[in-house]
Amino acid sequence: MVRRAPLREGLVDVDGARIAEVTEELRHRSRATLHDRLHRVRMAGGLAVQAGLAAGLAYLISHKLLGNPQPVFGPISAVGTLAASVGQRFRRTVELILGVAIGVAIGDILIYLVGTGAWQLGLVVTVAILLTIFAGASVAIVIQAAATAVLIVTLSPSTEDLEIPRFIDAFLGGGVALLVTAVLLPLNPLRVINRAARPALDLLADQLDAAADGLRKRDRDATQRALDRMRDNKEELATLAEAIEGAKETATLSPARWHRRSELTHYAEAADPIDRAMRNTGTLIRRSVTLIEDDEPVPEPMPDGIEHLAEAVRLLKHEFASSQEPQKARERSLRAVSEAGRAYGAGVGFSGSVVVAQIRTTASDLLVASGIEQDEANRWIRTAFGEQERPVGEPAEPGEAPKPPTAPPIG
């Protein structure tokens, strides 16, 4: 047992408080990491089952039906197709077959000319890669061509007529993978998108809340942390975009999911405005940091408006997931704009006026994400903001609060 040495009389245990703070931070980080890992497992669970089923079917068909004594390439092709970015599996199958064709051709020609061996293998791989790159092929085709060329050179001396089985396996593996994803085990596209959208929307809502709390407490460091986290959003956005593409592919290829096409329209059309909302939120938080640094006024409605934006994002996530019309999210977005109008009327500085403008712009993004046309969303924003606006170019009255600077177009 390790015993803590008693403090001398009159001393304050400063280190104890610091250690407790670090320990709590590490504990929170551990919980967050475990949560992220479990979320990734749930996201990949369906893909793992599809890959296992496709590999098993490809093996059975190649070995039992086609009589292939070594059915290796078929399962590999099936897994390789499913390992492609979701939404690009049909394209990956075509690339797989093209890569195999190129690799077989190059391998056969060079074996005929120079024979087999270590340096011949290196030459075949080099030529396969350079020729496919020169032809403008994708990375997947380059990899398949090089891998097939390696197999042709290394296995040809011991295995006769390898070329035709390799072609058949490429067709077989890719076809089985598409069969599994489209007919036998199609994933629910809405469930896939809901899971993928959750990290992006949670990130947006959480950092808006953090920015509102930082403004209310004038905590510059907390607001800066929210900005840093908001800037690191590429993974969340990429996951969402990939899931949308995969859902559209599933809804196109799978007859069992054709009835989901109209429901997927919401997400497909929401991807761009959600991306813009995240970018505009980054600007909002960055100007919030400057506002605190410059000791500008923070009217109470300003952080309230940012909190309403955060709640609008959460409502949008919930209503999309339950296939509801996102009416509550729209109402909360407009409430955020109304609070921004009150904050502007109470008087703000330069950075404060930018924050007000970004609340409006982000709210417009959320309205468009909810299915509102851009022009209509602009009109709703102006109405919710109230009478604080003034036509562009009209001079301010003496003593009146400054007009917000020109911001990116709403939406």
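Residues numbered from 1 in each chain as written. Predicted model: local features only at pLDDT ≥ 70, side-chain atom pairs only at ≥ 80, totals over all residues. Heavy atoms only, no water.

Participant: Explanation requested: the overall build of the protein in the structure shown.
Facilitator: The helix and strand inventory of the protein stands at 14 helices and 0 strands. Looking at the protein as a whole, 42% of its 411 residues are labelled buried. Long-range pairs, those at least 24 residues apart, make up 77% of the contacts in the protein with a sequence separation of at least 6. As displayed, the protein offers around 21,800 Å² of accessible surface, 58% of which is attributable to carbon and sulfur atoms. (Helix = DSSP H or I, 4+ residues; strand = E, 2+ residues; numbered from the N terminus. Buried < 20%, exposed > 50% of the residue type's maximum accessible area, 1.4 Å probe, protein only. Contact = heavy atoms within 4.5 Å. Areas by Shrake-Rupley, 256 points an atom, 1.4 Å probe, with all protein chains shown as cover.)

Participant: Which parts of the structure should I look at to understand the packing of helix α12 (residues 327-346) against helix α13 (residues 350-369)?
Facilitator: Each pair of packed helices can be described by the angle between their axes along with the distance between the axes. Interaxial distance between α12 and α13 falls to 9 Å at its minimum, and their mutual angle equals 165°. With respect to α13, the axis of α12 lies roughly antiparallel. Viewed along their axes, α12 and α13 form a crossing whose handedness is left-handed. For the pair α12 and α13, the contacting residues are Arg330, Ser333, Leu334, Ala336, Val337, Ala340 and Tyr344 in the first and Val356, Ile359, Arg360, Ala363, Leu366 and Leu367 in the second. In terms of residue class, the contact of α12 with α13 is built from 10 nonpolar, 1 polar and 2 charged. (Axes fitted to C-alpha atoms, helices over the stretch in contact; angles between N-to-C directions. Parallel < 35°, antiparallel > 145°, perpendicular 65-115°, else oblique. Left-handed = near helix turned anticlockwise from the far one by under 90°. Nonpolar A, V, L, I, M, F, W, Y, C, P; charged D, E, K, R; others polar.)

Participant: Teacher, can you tell me more about the packing of aromatic side chains here?
Facilitator: Each aromatic ring pair is summarised here by two numbers: the centre-to-centre distance and the angle between the ring planes. What the rule picks out here adds up to 1 aromatic pair. Judged by centre distance (6.0 Å) and plane angle (35°), the ring pair of Tyr344 and Phe385 falls under tilted. Remark: Phe385 occurs in helix α14 (residues 374-385) and Tyr344 occurs in helix α12; sequence separation between them is 41 residues. The class for Tyr344 is buried, based on a relative accessible area of 4%. Assessed through its relative accessible area of 4%, Phe385 is described here as buried. Between Arg360 and the ring centre of Phe385, over which it is positioned, the NZ or CZ distance is 4.7 Å. (Phe/Tyr/Trp six-rings, centres within 6.5 Å; stacked < 30°, edge-to-face > 60°. Lys NZ or Arg CZ within 6 Å of the ring centre and 35° of its normal.)

Participant: I tried to follow unusual backbone geometry on my own but got confused; where do I start?
Facilitator: Leaving glycine aside, a negative phi is the common case for residues, and trans is the common case for peptide bonds. One non-glycine residue with positive phi stands out, namely Arg218, at about 55°. Looking at the element boundaries, Arg218 is found in the loop between α7 (189-217) and α8 (220-231). What makes Arg218 partly exposed here is its relative accessible area of 35%. If you check the backbone angles, Asp295 has positive phi at about 55° while not being a glycine.

Participant: Got a minute to help me understand α8 in this structure?
Facilitator: Because the α-helix completes a turn every 3.6 residues, residues three or four places apart line up on one side. The terminal C-alpha atoms of α8, which comprises 12 residues, lie 17 Å apart, in line with the 16 Å expected from a rise of 1.5 Å per residue. With a side-chain oxygen positioned 3.3 Å from the backbone nitrogen of Asp221, the residue opening α8 is Asp219. (Expected span 1.5 Å × (residues − 1). Polar contact = N/O pair within 3.5 Å; in protein donor to acceptor, adjacent residues only side chain to side chain.)

Participant: It is not clear to me how the pattern of salt bridges should be interpreted in this structure. Could you clarify?
Facilitator: Any two side chains of opposite charge can pair, on the condition that their charged atoms come close. Going through the model one piece at a time under the given rule, you end up with 15 salt bridges. Put simply, Asp213 and Lys217 hold a salt bridge, and the shortest N to O gap is 3.4 Å. You can see Asp213 and its partner Lys217 sitting in helix α7, 4 residues apart, about one turn around the helix. Ionic pairing is found between Glu325 and Arg330, a salt bridge with its closest N-O pair at 2.8 Å. Note on Glu325: relative accessible area 47%, which makes it partly exposed. A relative accessible area of 7% means that Arg330 is categorised as buried. (Salt bridge = Lys/Arg side-chain N within 4 Å of Asp/Glu carboxyl O.)

Participant: Looking at this structure, how should I read the nonpolar core?
Facilitator: For soluble globular proteins, nonpolar side chains are generally found buried alongside one another. Counting residues in hydrophobic clusters, the biggest one holds 50 residues, and the most contacted among them are Met302, Ile306, Leu309 and Ile359. For this core, the secondary-structure elements that each account for two or more residues are α7, α8, α10 (261-293), α11 (301-321), α12, α13 and α14. Apart from residues no more than four positions distant in its own chain, Ile359 is found in contact with Leu284, Met302, Ile306, Leu309, Ala336, Val337 and Ala340. (Core = buried A, V, L, I, M, F, W, Y, C linked by side-chain atoms within 4.5 Å.)

Participant: What should I look at first to understand a nonpolar patch on the surface in this one?
Facilitator: Taken together, the side chains of Leu53, Leu179, Val183 and Leu184 present a nonpolar region at the surface, about 330 Å² in accessible area. Element by element, the count of residues in the nonpolar patch is highest for helix α6 (residues 163-184), at 3 residues. Of note, Leu53 is situated in helix α1 (residues 14-65). (Patch = residues over 30% accessible without salt bridge, like charges linked within 9 Å, V, L, I, M, F, W, Y side chains within 5 Å.)

Participant: Could you clarify how one ought to interpret the side chain of Ser333 in this entry?
Facilitator: With respect to the helices and strands, Ser333 occurs in helix α12. Not counting residues within four places of it along the chain, the set of residues in contact with Ser333 comprises Ala312, Ala363, Leu366 and Leu367.

Participant: Just to check I follow, could you spell out helix α5 (residues 139-155) for this structure?
Facilitator: Between its first and last C-alpha, α5 extends 24 Å over 17 residues, near the 24 Å set by a 1.5 Å rise per residue. Within α5, burial applies to Ala140, Ile141, Val142, Gln144, Ala145, Ala146, Thr148, Ala149, Ile152 and Val153.

Participant: Would you mind showing me how to read the environment of Asp219 here?
Facilitator: Tracing the backbone through its elements, the reader meets Asp219 in the loop between α7 and α8. Sequence separation between Asp219 and Val289 is 70 residues, and the spatial gap between their C-alpha atoms is 8.7 Å. Not counting chain neighbours up to four residues away, the residues in contact with Asp219 comprise Gly214 and Ile292. A polar side-chain atom of Asp219 sits 3.1 Å from the main-chain amide nitrogen of Ala222.

Participant: For this particular structure, what's the right way to read the environment of Leu208?
Facilitator: Looking at where Leu208 falls in the secondary structure, it is placed in helix α7. Look at Leu208 and you get buried, because its relative accessible area is 0%. The spatial distance from the C-alpha of Leu208 to the C-alpha of Val313 is 9.5 Å, given a sequence separation of 105 residues. In this structure, Leu208 is in contact with Thr281, Ile306, Leu309, Ala310 and Val313, ignoring residues within four places of it in sequence.

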